[in-house]
Amino acid sequence: VLVTALLAIGGARAIVSSSRVRIEELAASLALVYLAVGGAWAFAYVADLPVMGFAGTKALLTAIHFHYAGFGACVVTACIGRALGPRRLPYRVAATGMMSAIALLAIGITASRAVEKRPAGSRWRQRRIAASNFGSAPAGAHAAAPAAP
């Protein structure tokens, strides 16, 4: 955890200290931050610490998510950007979307758990499930069973 924290500090420092933002360098620096987040979740899994309501397998899956989707995808994005060179609008758009999607997904999963805990959210979910099951029984499923001979 200490090593990943030091890497994250280096990545955050690179993001803050650069006067001109190059998207591929931002991706490389953000990869180090996501690596630290993944390392913290891996530590939470190994130490069996519940964090924000996540523990056990969910903490492990979160660690994997930040290592692959966060660190790995940002490193690949940075390498592609360095290989393409300047003036590449489609790359800039895709890279920005990829880097922000990781954090937005994590926020969405965490926020959806908070919504699920609310009673109104639970009632809405029950109504949605009931509505989706309405009329889904096979034809004749509710008919009386034939009499035995």
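Reading the values: the criteria
- Residues numbered from 1 in each chain as written.
- Predicted model: local features only at pLDDT ≥ 70, side-chain atom pairs only at ≥ 80, totals over all residues.
- Heavy atoms only, no water.
- Helix = DSSP H or I, 4+ residues; strand = E, 2+ residues; numbered from the N terminus.
- Buried < 20%, exposed > 50% of the residue type's maximum accessible area, 1.4 Å probe, protein only.
- Contact = heavy atoms within 4.5 Å.
- Core = buried A, V, L, I, M, F, W, Y, C linked by side-chain atoms within 4.5 Å.
- Axes fitted to C-alpha atoms, helices over the stretch in contact; angles between N-to-C directions.
- Parallel < 35°, antiparallel > 145°, perpendicular 65-115°, else oblique.
- Left-handed = near helix turned anticlockwise from the far one by under 90°.
- Expected span 1.5 Å × (residues − 1).
- Phe/Tyr/Trp six-rings, centres within 6.5 Å; stacked < 30°, edge-to-face > 60°.

Participant: Help me get a handle on the overall build of the protein chain, residues and values and all.
Facilitator: Summing up its helical and strand segments, the protein chain has five helices and zero strands in all. Counting from the amino terminus, helix and strand elements in the protein chain follow one another as α-α-α-α-α. Considering the protein chain as a whole, with its 149 residues, one finds that 24% of them fall into the buried category. Partitioning the contacts of the protein chain with sequence separation of at least 6, the portion at a separation of at least 24 is 67%.

Participant: Can you lay out the nonpolar core for me, pointing to particular residues and giving the numbers?
Facilitator: Ranked by internal contacts, the top residues of the largest apolar core, which has 18 residues, are Tyr34, Trp41, Phe66, Cys74 and Met99. Every element with two or more residues in this core is listed here: α2 (23-46), α3 (57-84) and α4 (89-117). Per element, the largest residue contribution to this core is seven residues, and it comes from α2. Among all residues touching Tyr34, those that are not within four sequence positions of it are Phe66, Gly70, Phe71, Cys74, Met99, Ile102 and Ala103.

Participant: A description of unusual backbone geometry should follow, citing residues and the corresponding values.
Facilitator: With a phi angle near 55°, Asp48 is a residue other than glycine that sits in the positive phi range. Within the secondary structure, Asp48 is located in the loop between α2 and α3. Here Met52, not a glycine, exhibits a phi torsion of approximately 50°, which is positive. Its place among the elements puts Met52 in the loop between α2 and α3. Classification of Met52 as exposed rests on a relative accessible area of 53%.

Participant: Describe the packing of α2 against α3, and please don't skip the residues or the numbers.
Facilitator: Two elements in contact, α2 and α3, have axes separated by 8 Å at closest approach and are oriented at 165°. Taken as axis vectors, α2 and α3 run roughly antiparallel relative to one another. The handedness of the crossing between α2 and α3 is left-handed.

Participant: Which residues make up α2, and what values do they have?
Facilitator: In a regular helix each residue adds 1.5 Å, so 24 residues correspond to 34 Å; α2 covers 34 Å between its end C-alpha atoms and thus fits that length. Looking at the residues trailing α2, positive phi occurs at Asp48, about 55°.

Participant: Which residues make up the packing of aromatic side chains, and what values go with them?
Facilitator: Taken as a whole, this structure holds two aromatic pairs when the rule is applied. Between the aromatic rings of Tyr34 and Phe66, the centroid separation amounts to 5.9 Å while the plane-to-plane angle is 35°, which identifies the pairing as tilted. Of this pair, Tyr34 sits in helix α2 while Phe66 sits in helix α3, and the two are 32 residues apart along the sequence. Residue class for Phe66 comes out buried when judged on its relative accessible area of 8%. Arranged with centres 5.8 Å apart and planes meeting at 85°, the rings of Trp41 and Phe54 form a pair that is edge-to-face. Placement of the pair is Trp41 in helix α2 and Phe54 in the loop between α2 and α3, with a sequence separation of 13 residues. The exposure classification of Trp41 matches that of Phe54, with both residues buried.

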